[in-house]
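# Examination of the molecular architecture
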Amino acid sequence: MLPDQDGPSGGGGTQGVKEDPAVSLFREYLQLKTVHPEPDYDAALKFLTRISEELGLPMKKIEVCPGRVVTIITWTGTNPAVKSVLLNSHTDVVPVYQEHWKYDAFAAVKDAEGNIYGRGSQDMKSVTIQYIEAIRRLKAAGKRFPRTIHLSFVPDEEVGGHKGMETFINHPEFQKLNVGFALDEGLANPTEAFTVFYGERNPWWITIRCPGSPGHGSRFVENTAAEKLRRIINSFLDFRASEKQRLDTSECFTLGDVTTVNMTMVNGGVAYNVIPAEMDVSFDMRIPPTVNLQEFEEQIKAWCAEAGEGITYKFAQKFMHQNTTSTEDSDPWWNAFSSTCKAMNMTLQKEIFPAATDSRFIRAAGLPAIGFSPMNCTPILLHDHNEFLNEGVFLRGITVYERLLLTLASVAPQKGEE
Ligand SMILES: [Zn+2]
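Looking at an unreviewed UniProt entry, one finds the protein chain named N-acyl-aliphatic-L-amino acid amidohydrolase, with Astyanax mexicanus as its source organism. Quoted verbatim from the Subcellular location (unreviewed entry) heading of the UniProt record, the comment on the protein chain is "Cytoplasm".

The structure is reproduced here in structure tokens:
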């Protein structure tokens, strides 16, 4: 099942050194083809069942949609009445362009530097195994905590989470978990620092329909669809340019602090010599939580009104929740998280996640969630070719979670919890 302990490439510098079993487990998990469009979720379920047996912790399977199972492994606390800590990870990964990879994207090859290549090595199979190994170590050390720790393994994050976390969050089984605080995925950081995400931008996908007078392609027809389309495109792309300018000229802004706009589809027309009666254009927008969404939609309405008569729009996706998680020192969860990191001499960079993860559903339910993948000194390669994680960084992450769980699962009960 596993490639030989030093990897198919020979292992170089690690040759002869016995591989840490946590690394072997990570590499084994990377080999499961839970890749879209047809993820092998059965393989993941089998794997997790084995983990639950190894850890001696009960597992629950909740089929939230046909063929879409959320798995929960639970370590019950000594005070199970108080709120729990949720460690969430998704089991699916995005497709690969194998021809652009140095190695088979599902072979989990480890090179001479200890870099482990594989789809999901950053997003987010590493985190899944780090959670598991941290729990394994804490259990082996005989630790117990007041708060219950749940590990949730969810499908379909990479296709929007609709048949995964979005459905699960409204499921009675989720309510039963009695979650007080959640950890979910973050991003690598190429520097010494670790990035933590306390909010996400809101994805809005919009299609704008521009109707116009049809006619023969040889004439100056008035009020054409294309003229309206051009004004719409100009308004959106002018706004795009101004946001890009804001990002480029501010030292303290990251992508998560500005609105991105991208024109992603254009439709319309039937023939070269026929002026069409309609054309439409679609945009992908990502809006930071600091933007007033009502005002932003008024702006879109104004652009449509300025561009001509009869223009309408429709949203394919319009996420409206703007909850962010507190990063004030007075917040007990954040305090536990950040003080543990500080004690380990870790530098944290607080950011708004530029894209979308399952955290948005957790925060929309009113629960605090921090997006965190302990991968510093690592290039951001999620969804990219040759995604890898160094085994040293991976192993350090287990220690980080071990320490984090020690404090998070021991946060004193808050008002109303007991
Ligand atoms: Zn992910």
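Next comes the rest of the account.
### What about the UniProt feature "active site" (unreviewed entry) in the protein chain?
According to UniProt, the positions carrying the feature "active site" (unreviewed entry) are Asp92 and Glu157. For the annotated residues, spread through 66 residues, the largest C-alpha to C-alpha distance comes to 6.8 Å, consistent with a single compact locus. Its location among the elements puts Asp92 in the loop between strand 3 (84-90) and strand 4 (115-117). If sequence neighbours within four positions are ignored, Asp92 has contacts with Thr34, His36, Pro39, Pro155, Asp156, Glu157 and Glu158. By the secondary structure assignment, Glu157 is in the loop between strand 5 (149-154) and helix 4 (165-168). A residue is classified by how many C-beta atoms lie within 10 Å of it, and Glu157, with 25 of them, is buried. Beyond its immediate sequence surroundings of up to four residues, Glu157 is in contact with His90, Asp92, Gly164, Met165, Thr357 and Asp358.

### Some remarks on the pairing of strand 12 (residues 278-287)
Inspection of the sheet shows strand 8 (residues 202-211) paired to strand 12 by 10 bridges, in the antiparallel sense. Looking at the pairing, Pro203 lines up with Arg286 of strand 12. Both strand 10 (residues 260-268) and strand 12 contribute to a ladder of 8 bridges, which runs antiparallel. Across the sheet, Gly268 pairs through a bridge with Met279, a residue of strand 12.

### Topic: the confidence of the model for the protein chain
Per-residue confidence for the protein chain gives a mean pLDDT of 95; residues scoring 70 or more make up 96%. Scored below 50 in pLDDT, residues 1-13 makes 26 contacts in the model with residues more than four places away or belonging to other chains.

### Quick look at the UniProt feature "binding site: Zn(2+) 2" (unreviewed entry) in the protein chain
Under the local residue numbering, the UniProt record ascribes the feature "binding site: Zn(2+) 2" (unreviewed entry) to Asp123, Glu158 and His383. The annotated residues occupy 261 residues of the chain but converge on a single region, no pair of C-alpha atoms lying more than 9.8 Å apart. Take Glu158: it is sitting in the loop between strand 5 and helix 4. Looking at the secondary structure, you find His383 in the loop between strand 15 (369-371) and strand 16 (388-390).

### Observations regarding the packing of helix 6 (residues 225-249) against helix 7 (residues 293-307)
Following both chains from N to C, one finds helix 6 and helix 7 inclined at 150 degrees, their axes separated by 9 Å at the closest point. Relative to helix 7, the crossing made by helix 6 is right-handed. Facing Lys228, Arg231, Ile232 and Ser235 of helix 6, the residues of helix 7 in contact are Trp303, Cys304, Glu306 and Ala307. For the contact of helix 6 with helix 7, a count of residues per class yields 4 nonpolar, 1 polar and 3 charged.

### Focus: the sheet that holds strand 13 (residues 312-318)
Spatially, the 4 strands line up as an open sheet ordered 10-12-8-13, and their pairing is antiparallel. Each of the sheet's edge strands pairs with one partner strand only, and the pair in question is strand 10 and strand 13. Taking the axes of each pair of neighbouring strands and ignoring which way they run, one obtains an average angle of 20 degrees across the sheet. Packing of helix 6 onto the sheet brings it into contact with strand 8, strand 10 and strand 12, and relative to strand 10 it is tilted by some 165 degrees.

### A look at the domain arrangement of the protein chain
Looking at the protein chain, the domain boundaries give domain 1 (21-200 + 324-409) and domain 2 (202-288 + 290-318). Computed over C-alpha atoms only, the centres of domain 1 and domain 2 are separated by 37 Å. At the interface, 5 residues of domain 1 touch 7 residues of domain 2. Residues of the side of domain 1 that touches domain 2, tallied by class, amount to 4 nonpolar, no polar and 1 charged.

The rules behind each value
- Residues numbered from 1 in each chain as written.
- Predicted model: local features only at pLDDT ≥ 70, side-chain atom pairs only at ≥ 80, totals over all residues.
- UniProt positions renumbered as here; feature names shortened; annotations may be inferred.
- Helix = DSSP H or I, 4+ residues; strand = E, 2+ residues; numbered from the N terminus.
- Contact = placed C-beta atoms within 7 Å.
- Buried ≥ 20, exposed ≤ 12 C-beta atoms within 10 Å, placed from the backbone.
- Pairing = 2+ DSSP bridges.
- pLDDT = per-residue confidence, 0-100.
- Axes fitted to C-alpha atoms, helices over the stretch in contact; angles between N-to-C directions.
- Left-handed = near helix turned anticlockwise from the far one by under 90°.
- Nonpolar A, V, L, I, M, F, W, Y, C, P; charged D, E, K, R; others polar.
- Domains from an automatic or database assignment.

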